[in-house]
Amino acid sequence: MLDIKIVKTTAPKAKPADESRLGFGKIFTDHMFLMDYTPDQGWHDPRVVPYAPFQMDPACVVLHYAQELFEGMKAYRSVTDNTIQLFRPECNGERMQNSSERMCIPLIPVEDYVQAVKALVEVDKDWVPHSDGASLYIRPFVFATDVGMGVHASHNYTFCIICAPSGAYYAEGIDPVRIYVEDEYIRAAPGLTGFTKCGGNYAASIKAGAEAEKQGFAQVLWLDGVEKKYVEEVGSMNIMFKIAGKIYTAACTGTVLPGVTRRSCIELLKDWGYEVVEGKLAIADVMKAGHDGTLEEVFGTGTAAVVSPVKELDWKGDKVFIGGGKIGPVTQKLYDTMTGMQWGKLPDNKGWIVPVCAG
Ligand SMILES: *Cc1c(COP(=O)(O)O)cnc(C)c1O
């Protein structure tokens, strides 16, 4: 149990009047969570304090060698009883430990992680949006704070959590996206950091995303980094393919980010009697299925969108179109079930919802 000190702001900001214009990650709440790590004291001084900029030495390790990682989750306001609730926060805590281990960052116990998230969300509970589909995006992150050059593990770190009230992802209805299958750049390779949410992964992906965007694609689909043959995931989502009734997705063997949404969708799909194959799926086979009419649905999974249906895949000039540009029935059922639980419209018979406090 952390002994969290709470210092409330004396200058609360005005809350956004129009929740339909929140967007994503643009404005932040009144408070943030902080905790420091030193070799002598370990993780210490957990506190919720007014949201404020950091002061940093220009030689701070994270600015040069990117020793850091982050998480991404949401708090939801139940439409049934106004409870503020989280979705499987312990999964994010476990994933942060796996990221930390790879990045040589000292681990934070999962219980402490969840307690910290809850403490901040409770203080800022009035910032959790009220409108349908809107939520409070939560961004925990840890970074190295040693000052000085030299590539080695920092001795000192800061753990911070900030929150951004965010609008409904599908404010204008669910719109299937076009995806560019990336054939030049790679995101991950065995032995690298693909399974971690470390900033470096995203820095390395920006160029491919920008080039695809120029051509009107929403995201890139990454292939494996060795042979560029097997599908892995998209920018910030895992991806699933329904081919002839079966669901296929890449296995989480080190190069793919193990999404909480991915894992939850797989559990639901299995509950509903679908066969889910986690393993190697060649892009050539996906395109072939697209051409012979057995590629029934393609969708990304991630906290931000929950599911994101794909209507088109372009690989080396070959194109396949999926589902006539409309969301497929399995994608829709996953969306309805996941968002139903998250916003308290459906009973949580999986034990995935963790209440924080009364709204
Ligand atoms: C965050 C992320 C995901 C999705 O993870 P969730 O826990 O479902 O939000 C998938 N792929 C990448 C690269 C990500 O950064």
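Conventions and cut-offs
- Residues numbered from 1 in each chain as written.
- Predicted model: local features only at pLDDT ≥ 70, side-chain atom pairs only at ≥ 80, totals over all residues.
- Heavy atoms only, no water.
- Patch = residues over 30% accessible without salt bridge, like charges linked within 9 Å, V, L, I, M, F, W, Y side chains within 5 Å.
- Areas by Shrake-Rupley, 256 points an atom, 1.4 Å probe, with all protein chains shown as cover.
- Salt bridge = Lys/Arg side-chain N within 4 Å of Asp/Glu carboxyl O.
- Helix = DSSP H or I, 4+ residues; strand = E, 2+ residues; numbered from the N terminus.
- 1 Å grid on protein atoms, 1.4 Å probe; cavity = no way out; pocket = protein on both sides within 12 Å on 5 of 7 lines; lining within 4 Å.
- Points joined across faces, edges and corners; volume = space filled by probe spheres on them.
- Nonpolar A, V, L, I, M, F, W, Y, C, P; charged D, E, K, R; others polar.
- Pairing = 2+ DSSP bridges.
- Buried < 20%, exposed > 50% of the residue type's maximum accessible area, 1.4 Å probe, protein only.

Re a nonpolar patch on the surface
Here comes step 1: Together, Phe-54, Met-56 and Leu-63 make up a nonpolar patch on the protein surface, roughly 270 Å² of accessible area in all.
Here comes step 2: Checked against the element boundaries, Leu-63 lands in helix H1 (residues 61–65).

Focus: empty space enclosed by the protein
Rolled over the atoms, a probe sized like a water molecule indicates the empty space that remains.
Here comes step 1: Taken as a whole and judged by the stated rule, the model has 1 cavity of 30 Å³ or more.
Here comes step 2: Of the pockets and cavities examined, the largest cavity occupies roughly 100 Å³.
Here comes step 3: Forming the walls of the largest cavity are 13 residues, and the residues nearest its centre are Tyr-76, Phe-87, Thr-261, Thr-303 and Gln-342.
Here comes step 4: For the lining of the largest cavity, the element with the highest residue contribution is strand S5 (residues 73–77), accounting for 3 residues.
Here comes step 5: In terms of residue class, the lining of the largest cavity is built from 6 nonpolar, 6 polar and 1 charged.

Observations concerning the pairing of strand S11 (residues 231–234)
Here comes step 1: Taken together, the 3 bridges between strand S10 (residues 219–223) and S11 define a ladder with antiparallel strand orientation. Across the sheet, the residue bridging to Leu-223 is Val-231, located in S11.
Here comes step 2: The pairing of S11 with strand S12 (residues 237–243) spans 2 bridges and is classified as antiparallel. Opposite Val-234, over in S12, you have Met-237 as the bridge partner.

Focus on the pattern of salt bridges
Here comes step 1: Here the structure, examined in full by the defined rule, presents 13 salt bridges.
Here comes step 2: Between Arg-47 and Asp-36 there is a salt bridge, with its nearest N and O atoms 3.0 Å apart. One end of the pair, Arg-47, is in strand S3 (residues 42–50); the other, Asp-36, is in strand S2 (residues 31–38), with 11 residues separating them in the sequence.
Here comes step 3: The buried category is assigned to Arg-47, whose relative accessible area is 14%.
Here comes step 4: Within this structure, Asp-36, Asp-45 and Arg-47 form a network of salt bridges that share partners.

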